[in-house]
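Report on the structure
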Amino acid sequence: MPDAPPPQENDLLAGLTEPQLQAASHVDGPLLVLAGPGSGKTRVVTHRIAHLVREVGIAPWNVLAITFTNKAAGEMRDRVAQLVSERQARALTVATFHSLCARLLRQYGDRLGLKPGYSIYDTSDQKRAMKQCLDDLDINPKNFPPAAMLAAISNAKNDLLSASAFTQQASNFYDRTVAKVYTKYEKTLTKNDALDFDDLLFKTVRLMQQHPDALEELRERFQYVMIDEYQDTNHAQFMIAHALASGHQNLMVTGDPDQSIYGWRGADITNILDFENHFGNATVVRLEQNYRSTPSILAAADTLIQNNKGRRHKQLWTDNPEGDPVQVVTCGDGASEASWVADTFKSLNQGQDGQPGIAWGQMAIFYRMNSLSRVMEDTLRDAGIPYQIARGTAFYDRKEIKDAVAYLRTVANPADEVNLLRIINTPARGISVPSTKHLRAHALEHNLPFSTVLEDPTPVAGLNTRAHNSVAKFAATLQNWRGQVAGDTSLIPDPTLRGFVEDVITQSGLEAFYQNDTSDPDRERLANLGELVTSAQQFEEDMLLDAEREQDGASQTLSLHDKLLGFLERIALVADADTVQSDQGLVTLMTLHAAKGLEFPAVALIGVEDGLLPHSRSSESTEDLEEERRLLFVGITRAEKHLYLCHAKYRTVFGQSGPTVKSRFFNELPPDHINTVDASDDGTYFDPDPWGDTPSGSIRQPDGSLKRRRSLGQAQRGVATGLAADYPPGTIVRHATFGLGRVVNVATTGASTRAKICFNTAGNKTLVLQYARLERINPDGTTTSSSDTNTETGDDIPF
DNA sequence: TCTATAGAAATTTTT
DNA sequence: TTTCTATAGA
């Protein structure tokens, strides 16, 4: 039961409402805080930490707080620092699940046979490893796409199903193949001393299960555990939380079931819903008063989310003054939608009727898909509006950066074949694909690590002199770098991470290559590599600063090895939201997923259309649809004062333009709080039935001609039904590029349904139905798109 | 052995 | 529109 706050605590807990106070002053035992949007949840958590440290006398290093992003972790630490001393705040452990696990596995990994220099594989590393596995197993990636294999494996890992456990329960052909692939993939990662994202969690659970002494140490260390955004934890994270709390039971979780938006990633909403069952003696606090949004915005969110079945009722309310109604904006197309938002933000920025303007940094634009940011970006740039895009990985996804990082990884982890193979001939140094095959074959045959073979390529059969020399030279370069990292100061007296990264970029030949790259006249890629050097330097400075603070001034020198591992870990675990800078005076563009936990005075949501929100790939099952609704709920509730929900009548997606259907969620908003704006200019379009599902599919061109087009909504809705049944053999179809053809057969292999079609002009083609955008030709000669028969979702009612 | 080119396929959300 | 893959040519 919560302690009544002693009078002297008033300064710390003053200003908290009754329920906030109850949560913030709670000391021992399990605590569930069900926090509606904008209900002061972060305040409660930070004040509780401060209360524990300052008033209860808990040592800060005994406190563990888990947040959803690294940025949120940093902010939480900063906010606690304002309530306790800077030094105490430093001693707290505030991290994401993934970075906490990465750290624990460096510390305890030897118990699982894991070296401290292990690699963390991102999605593209995983894909490379997977392609290698499929190749080794002689499995056709057309039938078993790497991405689908990885998704299945990821799901298994999130449920803590090992490869052998998965194999045991695999019952059909497909699952048995996945099991084979999973087993091979695990073998590959182990051989490479590599973990994927899911492994970070999975291996930590394993560590706790198999090494009670380690778990005991961790329990001793983390006596007070807090987990934010608990509604988005998966089973593995649940197990970690419970393992840590199973002794002392001091587990505080905060979250909102209505904001669970990561179900597709394995998040299990029942973790939060069943918290009281897991802990019979749990204290439950509800934070339902909203301090963020106007009543209209809150009403919109609340009315919308009521449409989700099987959720706990929550009474959201606010004392905030009435503001403008929520604006539902109809635009002509994506470009005009973007300019409407830009114009509106401009006038908000200038301020109207004597009202002060809103700073650019107080405005945000959200979308369901990253690809929607492009038009918006161009428009903002042209309009001279400063903006930033939250895409943490974008920088590190660049080819030149990936290459440079692959060099660093190869240095840190000699076993990492995936990264080694990436750069063994990048830039070209005369080690061809056949040559690497010979090297690999030799390694396999003599059961040697690939890196050992590189160092002595003489006995490898099939290598010509040139390849042999190149390999030897390359191996020597690698050796030299590893020597530097291992601390051989005879090589470099005072090694900095910055200097090392620079050396690698130069000595690898990357610098020279991009210096002379004719396809990049502006030397942009070279500049990016420079940017990587800068970020290494930045990281180094931060790390030294942290170390100094921890050591209380006594500057302890960090080894290049530690700095390199830290840098690589940071690169691997950046989140999109991590790159958002506040107070930079920039309009923020981000996906709805990245927007979680943030708030802005003015918010515009673009692309609120069926097929985009809800997304076509997520509108099949009720669960998926409800998650899409929660996604919109999250978006709406980020807004404080001004909210614009925009959709366009026509949208260009992947270079194909077509009419759209406005989001069905518009029907679920409260009319009283909505103001509709028609900002579309219909002049150029022939638009017989803009909102119905009539498949006119025709667009009047500017020159007056009619052009037949497939709508985005139609094409994607067609996906929803069992397509195989819609295309029996013999069906005549039209393909955008191949023209007319006859369906020979349809088969579902692996994850996709493919149709073999004999085209009149293009011959036989096998196409994935899901993407082929086929048009079916009816026996009477009329053209019908596949979705016309799909009445299930064709009942759009004009808003 | 490497590179240029053309053609075809693939498009959610992310640690 | 972008990205990957296959293939031919240097």
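Residues numbered from 1 in each chain as written. Chains lettered and ligands numbered in written order. Predicted model: local features only at pLDDT ≥ 70, side-chain atom pairs only at ≥ 80, totals over all residues. Heavy atoms only, no water.

**Digging into the overall build of chain A**
Summing up its helical and strand segments, chain A has 32 helices and 26 strands in all. Sorting the 799 residues of chain A into buried and exposed places 54% on the buried side. Sequence-distant contacts in chain A: of pairs separated by 6 or more residues, those separated by 24 or more amount to 73%. (Helix = DSSP H or I, 4+ residues; strand = E, 2+ residues; numbered from the N terminus. Buried < 20%, exposed > 50% of the residue type's maximum accessible area, 1.4 Å probe, protein only. Contact = heavy atoms within 4.5 Å.)

**Notes on the pattern of salt bridges**
Taken as a whole, this structure holds 39 salt bridges when the rule is applied. For the salt bridge of Glu569 with Arg106, the shortest nitrogen-to-oxygen distance reads 3.5 Å. Of this pair, Glu569 sits in helix α28 (residues 560–572) while Arg106 sits in helix α6 (residues 97–108), placing them 463 residues apart in sequence. The two residues Glu569 and Arg106 agree in class, both being buried. Arg381 serves as the salt-bridge partner of Glu377, at 3.8 Å between the closest nitrogen and oxygen. You can see Glu377 and its partner Arg381 sitting in helix α18 (residues 373–383), four residues apart, about one turn around the helix. What emerges from the salt-bridge pattern is a single network uniting Lys41, Asp228, Glu229, Asp232 and Lys596. (Salt bridge = Lys/Arg side-chain N within 4 Å of Asp/Glu carboxyl O.)

**What to know about unusual backbone geometry**
Residue Pro614 is bonded to the preceding Leu613 through a cis peptide linkage, with omega at 0°. Relative to the helices and strands, Pro614 resides in the loop between β15 (600–605) and α29 (622–636). For Asn447, which is not glycine, the phi dihedral falls at a positive 55°. Mapped onto the fold, Asn447 is located in the loop between α22 (433–445) and α23 (450–455). Residue Asn447 is classed as exposed on the basis of its relative accessible area, which comes to 69%.

**Brief notes about the environment of Leu573**
Residue placement: Leu573 occurs in the loop between α28 and β14 (587–591). The class for Leu573 is buried, based on a relative accessible area of 12%. Remark: the alpha-carbon pair of Leu573 and Ala342, spanning 231 residues in sequence, is separated by 33 Å.

**Re the packing of helix α11 (residues 197–210) against helix α13 (residues 235–245)**
Contact geometry of α11 with α13 gives a least axis separation of 9 Å together with a crossing angle of 35°. Both α11 and α13 take part in a crossing whose hand is left-handed. Two secondary-structure elements touch here, α11 through Leu201, Thr204, Val205, Met208 and Gln209 and α13 through Ala236, Gln237, Met239, Ile240, Ala243 and Leu244. Residue composition of the contact of α11 with α13, grouped by class: eight nonpolar, three polar and no charged. (Axes fitted to C-alpha atoms, helices over the stretch in contact; angles between N-to-C directions. Left-handed = near helix turned anticlockwise from the far one by under 90°. Nonpolar A, V, L, I, M, F, W, Y, C, P; charged D, E, K, R; others polar.)

**Here we look at the nonpolar core**
Ranked by internal contacts, the top residues of the largest apolar core, which has 67 residues, are Leu200 and Ile227. When neighbours within four sequence positions are excluded, Ile227 is seen to be in contact with Ile66, Phe97, Thr233, Ala241, Leu251, Met252, Val253 and Thr254. One finds Ala406, Ala412, Phe450 and Trp481 within the second-largest nonpolar core, a separate group that totals 48 residues. (Core = buried A, V, L, I, M, F, W, Y, C linked by side-chain atoms within 4.5 Å.)

**Observations concerning the protein's contact with DNA strand B**
Around DNA strand B sit 27 residues in total, of which Arg368, Gly430, Ser432, Ala575 and Phe654 are the nearest. Backbone atoms, meaning sugar plus phosphate, form 58% of the atoms of DNA strand B positioned within 4 Å of the protein. A distance of 3.4 Å separates a base oxygen of DNA strand B from a polar atom in the side chain of His98. Measuring from a phosphate oxygen of DNA strand B, one finds a side-chain N or O atom of Ser435 at 3.2 Å. When grouped by side-chain class, the residues that make up the surface near DNA strand B number twelve nonpolar, eleven polar and four charged. (Near = heavy atom within 4 Å. Polar contact = N/O pair within 3.5 Å; in protein donor to acceptor, adjacent residues only side chain to side chain.)

**Topic: helix α25 (residues 497–507)**
Among the residues of α25, Leu497, Gly499, Phe500, Val501, Val504 and Ile505 are the ones counted as buried. Once α25 ends, the next one or two residues include Gly509, with phi positive near 90°.

**A few points about helix α3 (residues 41–56)**
Of all the residues in α3, the buried ones are Lys41, Val44, Val45, Thr46, His47, Arg48, Ile49, Ala50, His51, Leu52 and Val53. Residue Gly57 follows α3 closely and has a positive phi angle near 85°.

**Description of the pairing of strand β8 (residues 283–287)**
The alternating pattern of β8 places Thr283, Val285 and Leu287 on a buried face and Val284 and Arg286 on a face that is not buried. The pairing of strand β1 (residues 31–35) with β8 spans five bridges and is classified as parallel. Counted as the bridge partner of Val33 is Val285 from β8. (Pairing = 2+ DSSP bridges.)

**Considering the sheet that holds strand β7 (residues 251–255)**
On the basis of which strands lie adjacent, the open sheet formed by six strands has the order β3-β2-β6-β7-β1-β8 and parallel pairing. With one partner strand each, in any of the chains shown, β3 (93–96) and β8 form the two edges of the open sheet. Averaged over all pairs of adjacent strands, the angle between their axes in this sheet comes to 15°, without regard to strand direction.

**Section: the packing of aromatic side chains**
Tallied over the entire structure, the rule returns 13 aromatic pairs. Measuring from centroid to centroid gives 5.1 Å for Phe68 and Tyr262, while their planes differ by 45°, and the two rings are tilted. Linking Phe68 in the loop between β2 (63–67) and α4 (70–81) with Tyr262 in the loop between β7 and α14 (270–273), this pair joins segments that are 194 residues apart in sequence. Its relative accessible area of 8% is what places Tyr262 among the buried residues. Here Trp340 and Tyr644 contribute two aromatic rings whose centre-to-centre distance is 5.5 Å and whose plane-to-plane angle is 70°, an arrangement assigned as edge-to-face. With Trp340 in helix α17 (residues 334–350) and Tyr644 in strand β16 (residues 639–653), this pair connects stretches of sequence that are 304 residues apart. Of the two residues, Trp340 and Tyr644, neither departs from the other in class, the shared state being buried. Here a set of aromatic residues connected by ring pairs shows up, and it is made of Phe68, Tyr262 and Trp264. The ring of Tyr118 is capped by Arg106, whose NZ or CZ atom sits 4.4 Å from the centre of that ring. Above the ring of Phe68, the side-chain terminus of Lys596 is found at 3.5 Å from the ring centroid. (Phe/Tyr/Trp six-rings, centres within 6.5 Å; stacked < 30°, edge-to-face > 60°. Lys NZ or Arg CZ within 6 Å of the ring centre and 35° of its normal.)

**Comments concerning the side chain of Lys157**
Relative to the assigned elements, Lys157 resides in helix α8 (residues 146–158). The exposure class of Lys157 is buried, given its relative accessible area of 0%. Polar contacts involving the side chain of Lys157 include one to the side chain of Asp199, which spans 2.9 Å. Not counting residues up to four positions away in its chain, the partners in contact with Lys157 are Tyr182, Tyr185, Glu186, Leu189, Asp196, Asp198, Asp199 and Phe202.

**Considering the environment of Glu216**
Checked against the element boundaries, Glu216 lands in helix α12 (residues 212–221). On the basis of relative accessibility, which here comes to 39%, the residue Glu216 falls in the partly exposed class. With 27 residues separating them along the chain, Glu216 and Ala243 place their C-alpha atoms 9.6 Å apart. Looking at Glu216, its side chain comes within polar contact range of the side chain of Arg219, at 3.1 Å.

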